[in-house]
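The primary structure of each chain is shown beneath.
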Amino acid sequence: MTTLSLAEARANLSKLVEAAVTTQEIFEITRNGHRDAVLLSADEYDSLVETIDILGDEETMTKLREALAQQQAGLSVAVDKETLLAGIAARVPE
């Protein structure tokens with residue numbers, strides 16, 4: 001994570017946005033020496049919001065914990081991509 005002043009961010013905003021989008025770099029922006037803002041790509045932001053949503057959904061977290069416990073107990077089965085996609089397609093109504 002790179003920290004820069006508001007003046008530096010303003011002067012280089014286009015380059016910073018490009019770096020955030022292409023490299024997923026996150027920039028902390030300070031004002032008067034205090035960290036006041038963060039610049040990150042929209043994809044990174046969306047990912048963080050989705051993670052927060054998942055972590056806040058108790059039903060989903062319960063299912064994830066159960067799946068992890070099953071995997072650790074050796075009860076999971078590896079499935080190749082084609083088989084998985086075929087199974088999903090079979091369940092989706094047309």
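Draft legend 1. Looking closely at the side chain of Glu28. Residue placement: Glu28 occurs in strand S2 (residues 27–31). Only 2.9 Å separates the side chain of Glu28 from the side chain of Thr3, close enough to count as a polar contact. Apart from residues no more than four positions distant in its own chain, Glu28 is found in contact with Met1, Thr2, Thr3, Leu4, Arg35 and Ala37.

Draft legend 2. Quick look at the pattern of salt bridges. Counted by the stated rule, this structure contains four salt bridges. For Asp36, the salt bridge identified is with Arg31, shortest N-O distance 2.9 Å. According to the relative accessible area criterion, Asp36 is partly exposed, its value standing at 43%. Residue Arg31 is classed as partly exposed on the basis of its relative accessible area of 48%. Of the charged contacts, one joins Arg65 and Glu58 as a salt bridge, the two residues approaching to 3.2 Å between their closest N and O atoms.

The rules behind these values
- Residues numbered from 1 in each chain as written.
- Predicted model: local features only at pLDDT ≥ 70, side-chain atom pairs only at ≥ 80, totals over all residues.
- Heavy atoms only, no water.
- Helix = DSSP H or I, 4+ residues; strand = E, 2+ residues; numbered from the N terminus.
- Polar contact = N/O pair within 3.5 Å; in protein donor to acceptor, adjacent residues only side chain to side chain.
- Contact = heavy atoms within 4.5 Å.
- Salt bridge = Lys/Arg side-chain N within 4 Å of Asp/Glu carboxyl O.
- Buried < 20%, exposed > 50% of the residue type's maximum accessible area, 1.4 Å probe, protein only.

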